[in-house]
Amino acid sequence: MSKNFYITTPIYYPSAKPHMGHAYSSIVSDFFARFKRNDGYSVQFLTGTDEHGLKIQRTAEKNNMKPQDFCDQISKTFENLSKTLNLSNTDFIRTTEQRHIKSVQHLWKILEDQNQIYMSKYEGWYSVSDEAFYQPDEIESKENKHFVISSGSPVEWVEEESFFFKLSEWEKPLLKFYDENPKFILPEGRRNEVISFVKNGLKDLSVSRKTFSWGIKIPSNNDHIIYVWLDALTNYLSALNYPNTKDELYKNFWPADVHIIGKDILRFHAIYWPAFLMAAKLPLPKRVYGHGWILSGDEKMSKSKGNILDPLEIIDVYGLDTLRYYLLKEVSFGNDGNISQEKLESCINSDLANNYGNLCQRVLAFCEKNCGSKIPTNDFINDDLEILKNFENLAYLRDLIDNQNINDYMKFIIDMLFSSNKYFNDQEPWKKKNDKNRLNTIVYTALDLIRKISILLNPVIPDTTLKVLKIFDINDDKLKFEDIDNHKFLESGKNIGKLNILFKKIEND
Ligand code: MSP
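Residues numbered from 1 in each chain as written. Predicted model: local features only at pLDDT ≥ 70, side-chain atom pairs only at ≥ 80, totals over all residues. Heavy atoms only, no water.

### Some details on the overall build of the protein chain
Selection rule: Counting from the N terminus, the helices are DSSP H or I runs at least four residues long and the strands are E runs at least two residues long. Within these notes, the globule rule equals 2.2 Å times the number of residues to the 0.38 power, and the radius of gyration is based on C-alpha atoms. The buried label applies to any residue whose accessible area, calculated with a 1.4 Å probe on protein chains only, is under 20% of its type's maximum; exposed applies above 50%, and partly exposed to all values in between. Here a residue-residue contact requires only that any non-hydrogen atoms of the pair lie within 4.5 Å.
Looking only at helices and strands, the protein chain features 18 helices and 18 strands. Relative to a compact globule of 509 residues, whose C-alpha radius of gyration would be 23 Å, the protein chain shows 26 Å and is just as compact. Dimensions of the protein chain along its principal axes, counting C-alpha atoms only, are 90 × 55 × 40 Å. Residues counted as buried form 58% of the 509 residues belonging to the protein chain. Of the contacts formed within the protein chain by residues at least 6 apart in sequence, a portion of 77% connects residues at least 24 apart.

So this is what it looks like as structure tokens:
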């Protein structure tokens, strides 16, 4: 089995500064990337910015800037956000980079060579904010203005000469592919949406624009630029040095294991992208996972509604690991979720401070007093083995991750935190001062539970767990998922480092 893993976030439009929705896609992807890395995989984790198209051109014009200068400025804020979110991305791609332009133009040429592209005229609706063409039945009119029913975005009428991709030819092959690969699109509800859309019939897709210039030129016709989605989707290949298919990165990491995206861009990833790839005779990604939206109150965030949640503000007040924990635990992955101050504070108080923080503090304080801050000896009895054996089913946990089942993974951790605190209470080591052997074993077991849980929590709250694991001399390089089923990992007699308070409880008057 290949031990390589390739995961991507959507590449973000640098039309405004990043918001919580962007942070969400990135944090979720980082969670998977970190788990896989801890599980011994060589991980390629890509994020970046999607810089071409009319939306960016118009926004730059509004700001009296050249599109390239505008993108340079905003793309930097996305790159900075990746650092602030502690993403472990291995690359950050910008679609204005030469490596990408070369790759898109190559793919275009292949599609032309395969007789998949023809010239005609596009007449229809276009939404600049979605950068998408829509059919008449997807549009509604209000007060003489026209909007997309699903996204609410305004549309404009477009009539221009355009190159088309023969998408209609791929209707049957796509349906066959979805059928043979039932987990290509997850969660299942989204897969059903896509299948019924394709079954309704696919029309050929306009893949070039002529009336503006901010994009990648078509090699054989410089009057046209390539449609921004054909441009953007190809980023997943460009970052692996496509078109050099002999390159190690391409050989090791294509096809991608999973594209993490929001449900708003499912059609592009689950229909257009596999169709382009099939037409170019390239392998298809293994999975597209469409997550829900992070709502502000009950509504989608938007500039016009003025309800944008700024991840930086939340991180400033509550800290990064709190935000990461919240998004991974509180949002049911695949569905919409929201952020409220009340729920954030309850996460800190009940889960992070009371459950994880408290387990670490009380066990370490007891160990310092009674075992001289050294790893004690162990002589397990049934009570200890019973709780430890919960961590032996690695296949179960791996399977949760491979099915993007974040919520059951988090549930497992929280159950284990409760059970571990309960174990320490029930065993009452403070009453075993006359039975040093038993006292030592209880402390050893509790320390090992802290180690195991910290390894599982590492992809969720990397900073905090590394502080905890450091007391056992386990740093990032030594941290291995597979070590959680080894109940004798900790070496008796070794010193244990010091640990400061991990999470302060929030007291509201
Ligand atoms: N540039 C395209 C993606 C190209 S991928 C080849 C794009 N960019 S975007 O900046 O508008 O949004 C990218 C992603 O951000 C969405 O798919 C989604 O993953 C995330 N989100 C944007 N708003 C969101 C929420 N309110 N909630 C959760 N995620 C959302 O589309």
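Structure shown, so let's carry the discussion forward.
### Notes on the site of the ligand
Applied cut-off: Proximity criterion: a residue is near a molecule or strand once any of its heavy atoms comes within 4 Å of it. We call two N or O atoms a polar contact when they sit within 3.5 Å, provided that within protein one can donate a hydrogen and the other can accept it, with sequence-adjacent residues counted only if both atoms are side-chain atoms. Three categories are distinguished: nonpolar for Ala, Val, Leu, Ile, Met, Phe, Trp, Tyr, Cys and Pro, charged for Asp, Glu, Lys and Arg, and polar for the others, with Gly belonging to the last.
In the vicinity of the ligand there are 24 residues, among which Ile 11, Ser 25, Asp 50, Gly 262 and Ile 294 approach most closely. One nitrogen or oxygen atom from the main chain of Gly 21 is found 3.3 Å from a nitrogen atom belonging to the ligand. Here an oxygen atom of the ligand and a side-chain polar atom of Ser 25 are 2.6 Å apart. Mapped onto the shell around the ligand, the elements with two or more residues apiece are strand S1 (4–12), helix H1 (20–38), helix H7 (228–233), helix H8 (235–238) and strand S14 (258–262). Of the residues in the shell around the ligand, the class split is 13 nonpolar, 9 polar and 2 charged.

### A closer look at the nonpolar core
This is how the line gets drawn: Among the buried residues, those of types Ala, Val, Leu, Ile, Met, Phe, Trp, Tyr and Cys that are joined through side-chain atoms within 4.5 Å form a nonpolar core.
Ranked by internal contacts, the top residues of the largest apolar core, which has 94 residues, are Leu 327, Ile 339, Tyr 356, Tyr 409 and Leu 447. With near-sequence residues (within four places) excluded, Leu 447 lies in contact with Val 363, Leu 364, Cys 367, Ile 375, Pro 376, Phe 472, Leu 490 and Ile 496. In this structure, Ile 117, Ile 265, Trp 273 and Ala 280 belong to the second largest nonpolar core, which totals 80 residues.

### Some points on the environment of Pro 173
Along the polypeptide, Pro 173 turns up in helix H5 (residues 171–180). Along the primary structure Pro 173 and Pro 274 are separated by 101 residues, whereas in three dimensions their C-alpha atoms are 9.9 Å apart.

### As for the pattern of salt bridges
Where side chains of opposite charge bring their charged atoms close, a pairing between them can arise. The condition is simple: Salt bridges are identified by distance alone: a Lys or Arg side-chain nitrogen within 4 Å of an Asp or Glu carboxyl oxygen.
For the coordinates displayed, the defined rule picks out 34 salt bridges. The salt bridge involving Asp 91 is made with Arg 99; its shortest N-O contact spans 2.9 Å. For Arg 99, a relative accessible area of 24% translates into the label partly exposed. Notably, a salt bridge pairs Lys 494 with Asp 473, separated by 3.6 Å at the nearest N-O pair. A residue pair is termed long-range when its members are at least 10 positions apart, and Lys 494 in the segment after helix H18 (462–470) and Asp 473 in the segment after H18 qualify at 21 residues. A residue is classified by how much of its surface remains accessible, and Asp 473, at 41% relative accessible area, is partly exposed. Here the residues in one salt-bridge network are Asp 30, Arg 34 and Arg 324, joined through shared partners.

### Points about the packing of aromatic side chains
Note the threshold: Ring geometry is summarised as follows: Phe, Tyr and Trp rings, the Trp one being its six-membered ring, pair when their centres sit within 6.5 Å, and such pairs are stacked at plane angles under 30 degrees, edge-to-face over 60 and tilted between the two. Only when the NZ of Lys or the CZ of Arg is both within 6 Å of the ring centre and within 35 degrees of the ring normal is a charge said to sit over the ring.
Scanning all chains against the criterion turns up 29 aromatic pairs. Taking 6.3 Å as the distance between ring centres and 15° as the angle between the ring planes, the aromatic pair formed by Tyr 178 and Phe 184 counts as stacked. Residue class for Tyr 178 comes out buried when judged on its relative accessible area of 1%. Its guanidinium or amino end placed over the ring of Trp 293, Lys 263 lies 4.4 Å from that ring's centre, counting from NZ or CZ.

### Side note on the sheet that holds strand S8 (residues 156–165)
Rules: Paired strands, as defined in this entry, are two strands with at least two bridges between them according to DSSP.
The 4 strands lie next to each other as S5-S4-S8-S10, forming an open sheet whose pairing is antiparallel. Sheet topology places strand S5 (132–134) and strand S10 (205–206) at the edges, where each strand pairs with a single neighbour. For strand S4 (residues 117–127) and S8, the ladder comprises 10 bridges, and the chain directions are antiparallel. Residue Glu 123 lies in a different strand from S8, and its bridge partner there is Glu 159.

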